[in-house]
Amino acid sequence: MAATSEKPAGMNNMLQFMKLIGQLKRVPRTGWVYRKVKEPESVSDHMYRMAVMSLTITDPTVDRDRCVRLALVHDMAECIVGDIAPSDNVSKAEKHRREEEAMRHLTSLLPEGLKQEIFALWEEYEHQSTPEAKLVKQFDLLEMILQAHEYEELEGSPGRLQEFFDSTAGRFHHLDVLRLVGSLNEQRGRQNAGGARSSEESQADGSGPEHQNTSSPTS
């Protein structure tokens, strides 16, 4: 009878866990909200492409499957605390405290073994304690600037989100990531140059809009 009574409770907890994780589909990435991007991506969107980036890694010295798991877990706490941005004036220590509390609540809904595994993955990423965690952090930044580039393309506003690129300077080290960043920068550079020429031409004939203010609203 005890085993029978425990099973529904366990499934109810798992269902609650899944519902909380589902909130990530409705938590917008704060940086894009502050920059007034139309229909900004969710935290779930961001984590998904990071997981795909991890899946495509070819480096035999890192555990690819572990990278995928880290990507799926690293922002999990945001389903409770939201996406706290640097401009929110929350200290790193306080941000970590809030997210740790959220992760302890989330994982308390899971069976013991899974609880320990997911919380340990989150801590591994937070402390950047393994090569896999360090690589996934680089994917986190790469995904951010790739998304910034895509928003610039969608808006037809080359260079508007330059601050996101500037924030990653010197933070990429893995060869595969550096190659992707190099390719992205080359493509963006060509498009930005073309956009600048078009803007100059339209301003010269009086048809162009006023120059857009690109200063960060959060600084």
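An unreviewed UniProt entry annotates the chain as 5'-deoxynucleotidase HDDC2 of Kryptolebias marmoratus. Note on the chain: under the UniProt heading Function (unreviewed entry), the record states "Catalyzes the dephosphorylation of the nucleoside 5'-monophosphates deoxyadenosine monophosphate (dAMP), deoxycytidine monophosphate (dCMP), deoxyguanosine monophosphate (dGMP) and deoxythymidine monophosphate (dTMP)."

**Quick look at the packing of helix α3 (residues 43-55) against helix α4 (residues 64-73)**
One way to put it is that α3 packs onto α4 with a least axis distance of 8 Å and a crossing angle of 175°. As judged from the angle between their axes, α3 and α4 are roughly antiparallel. Across the interface between the two elements, M47, M50, A51, S54 and L55 of α3 pack against R64, C67, V68, A71, L72 and V73 of α4. Partitioned by chemical class, the residues of the contact of α3 with α4 number nine nonpolar, one polar and one charged.

**Overview of the packing of aromatic side chains**
All told, the structure shown has three aromatic pairs when counted by the stated rule. With a centroid separation of 5.1 Å and 75° between ring planes, the pair formed by W32 and Y151 is classed as edge-to-face. You can see W32 sitting in helix α2 (residues 30-34) and its partner Y151 sitting in helix α8 (residues 131-155), a full 119 residues away along the chain. The pair W32 / Y151 is uniform in exposure class, with both members buried.

**Observations regarding the nonpolar core**
Counting 48 residues, the largest nonpolar core has W32, M103, L142 and I145 as its most contacted members. Among the secondary structure elements, those contributing two or more residues to this core are α1 (2-22), α3, α4, α6 (92-108), α7 (112-127), α8, α9 (162-166) and α10 (175-204). Not counting residues within four places of it along the chain, the set of residues in contact with L142 comprises M53, F172, V177, L180 and V181.

**Some remarks on unusual backbone geometry**
A positive phi angle is found at K36, which is not glycine, with a value near 60°. Within the secondary structure, K36 sits in the loop between α2 and α3.

**Quick word on the side chain of E124**
Tracing the backbone through its elements, the reader meets E124 in helix α7. We classify E124 as buried; its relative accessible area is 6%. Among the polar contacts listed, one links the side chain of E124 to the side chain of R66, at a separation of 2.6 Å. If we ignore the near neighbours within four places in the chain, the residues touching E124 are R66, L70, S129, T130, E132 and A133.

**Description of the pattern of salt bridges**
This model, assessed by the stated rule, comprises 15 salt bridges. Two residues, E94 and R97, come together in a salt bridge whose shortest N-O distance is 2.9 Å. Of this pair, E94 and R97 are both found in helix α6, three residues apart, which corresponds to roughly one turn of the helix. A salt bridge links D176 to R179; the nearest nitrogen and oxygen atoms lie 3.9 Å apart. With a gap of three residues between them, D176 and R179 both fall in helix α10, about one helical turn apart. Take R179: its relative accessible area is 56%, and that puts it in the exposed class.

**Let's talk about the environment of I84**
As for its placement among the helices and strands, I84 is situated in the loop between α5 (78-81) and α6. With 55 residues separating them along the chain, I84 and R29 place their C-alpha atoms 8.9 Å apart. Look past the residues within four positions of I84 in its chain and what remains in contact with it is V90, K95 and R98.

**Considering α4**
Where α4 is concerned, the buried positions are C67, V68, L70, A71 and V73. Those residues of α4 hidden inside the fold are in contact with α3, α6, α7 and α8. For α4, the N-terminal capping position is held by D63, with its side-chain oxygen 3.1 Å away from the main-chain nitrogen of D65.

**Some details on the confidence of the model for the chain**
Here the chain averages 88 in pLDDT, and 84% of its residues register 70 or above. Predicted confidence is poor over residues 1-6, with pLDDT under 50, and the contacts of this stretch with residues over four places away or in other chains come to zero contacts. Across residues 201-219, confidence stays below pLDDT 50; counting only partners more than four residues off in sequence or on other chains, it has 16 contacts.

Calculation rules
- Residues numbered from 1 in each chain as written.
- Predicted model: local features only at pLDDT ≥ 70, side-chain atom pairs only at ≥ 80, totals over all residues.
- Heavy atoms only, no water.
- UniProt positions renumbered as here; feature names shortened; annotations may be inferred.
- Axes fitted to C-alpha atoms, helices over the stretch in contact; angles between N-to-C directions.
- Helix = DSSP H or I, 4+ residues; strand = E, 2+ residues; numbered from the N terminus.
- Parallel < 35°, antiparallel > 145°, perpendicular 65-115°, else oblique.
- Contact = heavy atoms within 4.5 Å.
- Nonpolar A, V, L, I, M, F, W, Y, C, P; charged D, E, K, R; others polar.
- Phe/Tyr/Trp six-rings, centres within 6.5 Å; stacked < 30°, edge-to-face > 60°.
- Buried < 20%, exposed > 50% of the residue type's maximum accessible area, 1.4 Å probe, protein only.
- Core = buried A, V, L, I, M, F, W, Y, C linked by side-chain atoms within 4.5 Å.
- Polar contact = N/O pair within 3.5 Å; in protein donor to acceptor, adjacent residues only side chain to side chain.
- Salt bridge = Lys/Arg side-chain N within 4 Å of Asp/Glu carboxyl O.
- pLDDT = per-residue confidence, 0-100.

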